[in-house]
Structures are given as C-alpha cells and as structure tokens.
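The residues making up each chain are set out below.
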Number of protein chains: 2
Amino acid sequence: MSHEIRIVTEAELRGAVGLDRALVDVIENAFRALASGRVVMPPILSMEIAEANGEVDVKTAYIPGFEGFAIKVSPGFFDNPARGLPSLNGLMILFSATTGLVQAVFLDNGYLTDLRTAAAGAVAARHLAPEAVETAGVIGTGAQARLQMQAAHLERRFARGLVWGRDAARAAACAAELSASLGVPVEAAADPARLVAESQLVITTTPARQPVLEAGWLHPGLHITAMGSDQAGKNEIDPAALAAADLYVCDRVSQCEALGELRAALAAGLWHRGTPPELGAVIAGSAPGRTDAEQVTICDLTGTGAQDTAIASHVRGLLGTAGTAVIA
Amino acid sequence: MSHEIRIVTEAELRGAVGLDRALVDVIENAFRALASGRVVMPPILSMEIAEANGEVDVKTAYIPGFEGFAIKVSPGFFDNPARGLPSLNGLMILFSATTGLVQAVFLDNGYLTDLRTAAAGAVAARHLAPEAVETAGVIGTGAQARLQMQAAHLERRFARGLVWGRDAARAAACAAELSASLGVPVEAAADPARLVAESQLVITTTPARQPVLEAGWLHPGLHITAMGSDQAGKNEIDPAALAAADLYVCDRVSQCEALGELRAALAAGLWHRGTPPELGAVIAGSAPGRTDAEQVTICDLTGTGAQDTAIASHVRGLLGTAGTAVIA
C-alpha cells in the first residue's frame, strides 16, 4: 500500500527552522526523556572507510510519546575540502513510531545535526552556567563554534565574546562574524588560557586529540561545555579537569565513557567518582545541577539519537507545505 | 555545495530491476568480497519499539572497489496487517564511498531487500545444492517463500515443487501461484517431513522460534537453505541438524552466531566443529563446498549489509532516467 513521503532539501529546511528558544525547549525535552529511562537508544552504528579518509555514523532513538522516530546518517569524509566539498553531510529520515512507514526524508547535509548540537549547548548553559555570564568564550572556529556562541547567547545574555583557534586568521573571522550576528563585541583571544581566565562560560568545539583546555585554568564560577569529542581518540579537556570540577555531567553516560571526555579521564585513571549524572537528570531535578555561583561545572556532549528524533519531529510540524511529496 | 540526489519509488524500482541471474551474479560477488576480509561491515544496529510491536534494523557495508555504499533501514511493525499495511517497510540510501554525499534514496518499502535475500538463496543453491534437483520444497508461505522458489529455479531447473505452511489455505495459494510463475507443478505438501523426504533442495522462510525441520529428516543428497532466522530467538532448523550435516555454511559467521541457526546450536551445546566456513569462501574456492552428490549441506542466511550495498549499486546502474532528481 503506497503512502506519501515528504522529501525536503537543505534550502527548504533552512527556510523552516533555525536556532531559537523553541528549539532549545524541544532538545531540553529530549534530554529529560532520555533520563527517564524509557527512551530506547541503541549504540551508534559506526563504519570507517579508511581508503577515503571517511567514516559514517548512524544514530537513532525512540522517545515514548513521540509520533515518529528519526534515523540520522552522518558521513564525514575529510578529504572533501580539497574537492571543494564540506567534510560533513548526511540526511535524517523520520519514521512513524506506530507503523514504521517512512514519513519524511530530510536531505539536510548535516544542517539539522548542527542545530540540534548547538541547541544541546544552550540546554547545558541553561542548567549549568552561572546566572551571570559577562564573557563567553569558544575554543574552535568552525561552523559549530558560531552556532554554539549563538546558542549560549539565547540563554545567557553575555556582553562580550572571545574566540580562540590555532589559526589566528580564522579566529579573527569567526569573532567578526559573531560580533555582527550577536550585536556584542567578540574578539579573538591571544591564547586559550587567557580566554578561559576571562570567561564564565567556555565552549570547546574542536576535533582535538590532545587537550586544548588545561585543568590548571579552571577558576571559580566557570562552566565548560565540551562538544567536540564524539569518537574514541578525541579529547578536548585535560582529564584532570573532570575530577577537579565540582560537577561533571554527561549527555549520555554510556556514550561519554566510549567517545567523550570521560573516556580520556577513565583511560588516564583520573576518574573515581563513579557514574556521573546525565544532563536529563539535572533538567528533571533528579540530580543536582549547579548549586552555587562559584562552582566549576563541565558538561560533556557526544550527541544523541534522542536529539535527532526530537528535532526531526519538531521540523515536521514546522514544514507547512515545504518539500516535495512522493508517493511510495 | 548542492548536488543532485535521485529519489526512486518502489513502483519505479519494480520497473527497473527484478530477480534474474544478473542479480544473482551481483550478490555472489558481494559474498565473494565479504570472504576476502576487506569488506567493512559493522554489527547491525537494532532497535525495538515494544509498545508498537515493532523493531527496526539498520545494515551497511563498504565493499572495496564499489563506488558507493548503502545504508538500509528495515522497520518491521507486526501489528500493521490489522491496519491493512505490510509488516515490513523501509528504504535504502546509496552514498558515494569517496565523498559520503547522498547519491540516491530508494523508497523501496523492502522490495530491494526481498530481491537481495532471494538472490542469496540462489547463490547458496548455485554452490551447495546437488547438481540434479528433481523436487524443491519450501517451508513457509509468504512473499519470500515465492521469491526463494523462483531464485532456486534460476539455478536448479527442478521439475516439481512443494510448499508447506501451518495454514493449509495459504500453502495451497502459494503453490498455485508458484505453479503458474515457474511453469512446473507445485503442490502443497501434507506435512513438512514428507516435503523434506521428497526434496533435494529445501528452503525455510519462516519466523519460527521452534524448529520446523527436524534432524531426523535429513537424507543423502539434500541441501537446506535456512533464511528465516535473522534475530536472536528465531530458530528454524533442529540444532542437531547442523552437526549432523556434512557441511554447514554461514553467510557471515559473526551474524549467524548471534542471530542465525548457529546461535541455537551453540546455545544447545550441539556445535563443536569450530568456526564454520562462510558462503563467500566457498564461492572463492578457499573453503570446500559440496564435494559429493550424496552429502547433506545447510546454508544459514541472516542477511548482510554487503548484499544491500551490492544491490543498491546494481540498481543505480539500471535506473536510466527513472526517479525524481532533487537538488540538495
């Protein structure tokens, strides 16, 4: 029996959905559900294509109460820039959670992933950053660095931004763009230690395999969101920093143990506090979040299929008549 | 940078590709590659949605030398028939193995999976069935029972067919359809023991969780292809039959240990012959196949991502201008 499937391109999706507080609420709900224990979220399917310097990850999750579930495919092919193509691409497919029928194919080239990742940063800031953030800093200069600063600004109206990256020209360009989009002064920092020292909220958005943020730089009243590490081997935060912080929170413990900052801390023998809380438990109030403006908090984001199901379901409601209907 | 993606519906795919020896050759090549050790095939991603009596599996594989790789999503929602919908649905996505860009979305509702599964049965018959098959029998009466008999007939021109299922009316209908499509008499068998006794080639295509084929029914000159078991808990063949056969062959050992007939035999403590050969090794000649017309052989098919990549690549070459081009 044939049924209608909506095919939606990246351009159409960009017209339908952007980074705003409504989306942050949607992603917050996904984390709350994840901590309830009722979400079904299998381990990430991951395949490496070494000959092409490529990899592909598949994520999914079923969230009870949601009409649909997403399957998200994220290829990363790191020789693409030399061909004039972006490294990251992919699509999301939305299925009915009642019948399994395909409802929509979002040919987003990673746009929805960028949004739901940024929105998770906003959720972390909402629940863990100090109430007063005068300066926010980002380590990293890519597309996600820009989005994470925009997301942080939705939750904490900081008056000044800082950017640091290994390439000073890229850092300057990122700072200039952020100044314009946020309407507050954003400067390139001379070094990452200085950036951390002057910020109350720091986001790391790098593919680093050696820490870019040292434990000795932690200071009272600092929140760090580390969102770059999504594979075993990546590591942005000095493993000693996790234990030194007052509170360390995972998006998903099982993923952070395998792919996140926690993996590096465990491997270094520097984590002895047992199972960390998840962001969803902090949101739900079943685990304590920040209890004091002077605390140091760290949130480790590896990216979850629950976010994909949440954003795909949200987008479907915003589409109107956008896209092409195919009878299949 | 936007690029063209071909969206192809089930009806368009049915117009472009069917079950023939060219497809069997394609799937044979996939198994040969799989046994070479150079294919990258991650474990199946599997998610259960218990509230909806549903599940979804995701398979993929990278085959060196292929321009693309497929990701195949197979939802199975077993309350669908009561809604007038088929239980099995899904789609396949073909990606460039060089850039990771989406090349085509095949909205096949499981049609390509049906074909590549049937073609694997033909490959098993080609390499393991006795040269002379007078009678072929199938246990099971669904769509795959029909396709498997057609596939077997491509490789062994049997003069008579038998069908057995728990529902006699469905078995009679399946037999009548097969008589018409194959052009040879196909009858419903009175019982499965009789079917096996009279056949030289038997295919099992059931979702059985208790064996439907007993070890005591094995007889000289018999080949069995068991393709129903694709999940832990399913079991079509008496575990004692695997050890009693002269040769037992897996499509993929790691999958058969977890999901196939081998799982049940291992669980029953009835398998002591070490690692069985894979079908691809038999095809490549690196493991012996049938060496004698009187041997008893069993092939255990759980379904591999390599088959999906192979059929998706094959179909792309057959499409011509079929489908809808979307710029994404």
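Cut-off values and rules
Residues numbered from 1 in each chain as written. Chains lettered and ligands numbered in written order. Predicted model: local features only at pLDDT ≥ 70, side-chain atom pairs only at ≥ 80, totals over all residues. Heavy atoms only, no water. Phe/Tyr/Trp six-rings, centres within 6.5 Å; stacked < 30°, edge-to-face > 60°. Helix = DSSP H or I, 4+ residues; strand = E, 2+ residues; numbered from the N terminus. Buried < 20%, exposed > 50% of the residue type's maximum accessible area, 1.4 Å probe, protein only. Pairing = 2+ DSSP bridges. Axes fitted to C-alpha atoms, helices over the stretch in contact; angles between N-to-C directions. Contact = heavy atoms within 4.5 Å. Salt bridge = Lys/Arg side-chain N within 4 Å of Asp/Glu carboxyl O. Least-squares fit on C-alpha atoms with pLDDT ≥ 70 in both. Disulfide = S-S within 2.5 Å. Buried area = accessible area lost by both parts, 1.4 Å probe. Polar contact = N/O pair within 3.5 Å; in protein donor to acceptor, adjacent residues only side chain to side chain.

Some words on the packing of aromatic side chains
Any two aromatic rings considered together are summarised by their centre-to-centre distance and by the angle between their planes.
Residue and element names in this part refer to chain B.
Here comes step 1: One pass over the structure, following the stated rule, counts four aromatic pairs over all chains.
Here comes step 2: Pairing F69 with F95 gives two aromatic rings, centres 5.2 Å apart and planes at 10°, and the pair type is stacked. Of the two residues, F69 is situated in strand β4 (residues 68-77) and F95 in strand β5 (residues 91-96); the sequence distance between them amounts to 26 residues. Side by side, F69 and F95 carry an identical accessibility label, which is buried.
Here comes step 3: Judged by centre distance (5.3 Å) and plane angle (65°), the ring pair of Y248 and W271 falls under edge-to-face. Pair noted here: Y248 is in strand β12 (residues 247-250) and W271 is in the loop between α9 (261-267) and α10 (279-284), with a separation of 23 residues, a long-range link.
Here comes step 4: On the basis of relative accessible area, Y248 is assigned to the buried category, the value being 1%.

Notes on the sheet that holds strand β1 (residues 4-9) of chain A
The strands that make up a sheet pair up through hydrogen bonds in the backbone, lying either parallel or antiparallel.
Residue and element names in this part refer to chain A.
Here comes step 1: With respect to topology, seven strands assemble into an open sheet ordered β2-β3-β4-β5-β6-β1-β14, the strand pairing being mixed. Where the open sheet ends on each side, the last strands, each with one partner, are β2 (45-49) and β14 (324-327). With strand direction ignored, the average angle separating the axes of adjacent strands in the sheet is 15°.
Here comes step 2: Summarising the sheet, β1 and strand β6 (residues 102-107) pair through four bridges and their orientation is parallel. Pairing of R6 across the sheet is with A104, part of β6.

As for the environment of V26(B)
All names here are of chain B.
Here comes step 1: Tracing the backbone through its elements, the reader meets V26 in helix α2 (residues 21-35).
Here comes step 2: For V26, a relative accessible area of 18% translates into the label buried.
Here comes step 3: A sequence separation of 41 residues divides V26 from E67, and the C-alpha atoms of the two residues are 14 Å apart.
Here comes step 4: When near neighbours in sequence (up to four residues on either side) are disregarded, V26 contacts A310, I311 and H314.

Looking at the pattern of salt bridges
Residues and elements named next belong to chain B.
Here comes step 1: Across all of its chains, the model carries 30 salt bridges over all chains by this definition.
Here comes step 2: One salt bridge in this structure joins E177 and R146, with 2.8 Å as the shortest N-O distance. One end of the pair, E177, is in helix α5 (residues 168-182); the other, R146, is in helix α4 (residues 143-155), and 31 residues separate them in sequence.
Here comes step 3: On the basis of relative accessible area, E177 is assigned to the partly exposed category, the value being 43%.

A short note on the relation of the copies chain B and chain A
Here comes step 1: Expressed as a screw transformation, the operator carrying chain B onto chain A has a rotation angle of 180° and an axial translation of 0.0 Å, and the superposed copies differ by an RMSD of 0.0 Å. Here the symmetry operator amounts to a two-fold rotation axis. When C-alpha distances to the rotation axis are compared across chain B, the minimum falls at L45(B), with a value of 2.9 Å.
Here comes step 2: A symmetric contact is evident, with 100% of the interface residues of chain B recurring at the interface of chain A.

What about the sheet that holds strand β6 (residues 102-107) of chain B?
All names here are of chain B.
Here comes step 1: The mixed open sheet is built from seven strands, whose spatial order is β2-β3-β4-β5-β6-β1-β14. The open sheet has two free edges, formed respectively by β2 (45-49) and β14 (324-327), since each of these has just one partner strand. In this sheet, neighbouring strand axes are inclined to one another by 15° on average, regardless of whether the strands run parallel or antiparallel.
Here comes step 2: Taken together, the four bridges between strand β1 (residues 4-9) and β14 define a ladder with antiparallel strand orientation. Each bridged residue has a counterpart across the sheet, and for E4 the counterpart in β14 is I327.
Here comes step 3: Against the sheet, helix α3 (residues 111-128) contacts β3 (54-61), β4, β5 and β6, and its axis sits at roughly 105° relative to β4.

What about the state of the cysteines?
Here comes step 1: Within this structure, the stated rule accounts for zero disulfides over all chains.
Here comes step 2: C256(A) takes part in no disulfide bond, and the closest cysteine sulfur, belonging to C250(A), lies 3.8 Å away.
Here comes step 3: No disulfide involves C299(B); its sulfur sits 7.9 Å from that of C256(B), the nearest cysteine.
Here comes step 4: Overall, C299(B) belongs to the buried group, its relative accessible area being 0%.

A word on unusual backbone geometry
All names here are of chain A.
Here comes step 1: Although it is not a glycine, N109 adopts a positive phi angle of roughly 50°.
Here comes step 2: One can find N109 in the loop between β6 and α3 (111-128).
Here comes step 3: Residue classification places N109 among the buried positions, given a relative accessible area of 15%.

Concerning the interface of chain B and chain A
Here comes step 1: Taken residue by residue, the interface counts 50 residues in chain B and 50 residues in chain A.
Here comes step 2: Between chain B and chain A lies a buried interface of about 3,900 Å² when both sides are counted; carbon and sulfur atoms form 76% of it.
Here comes step 3: In this assembly, chain B and chain A are joined by zero salt bridges.
Here comes step 4: Put simply, chain B and chain A have six residue pairs in polar contact (both at pLDDT 80 or more) between them.
Here comes step 5: Those elements that place two or more of their residues in the side of chain B that touches chain A are β1, β2, β3, β4, β5, β6 and β14 of chain B.

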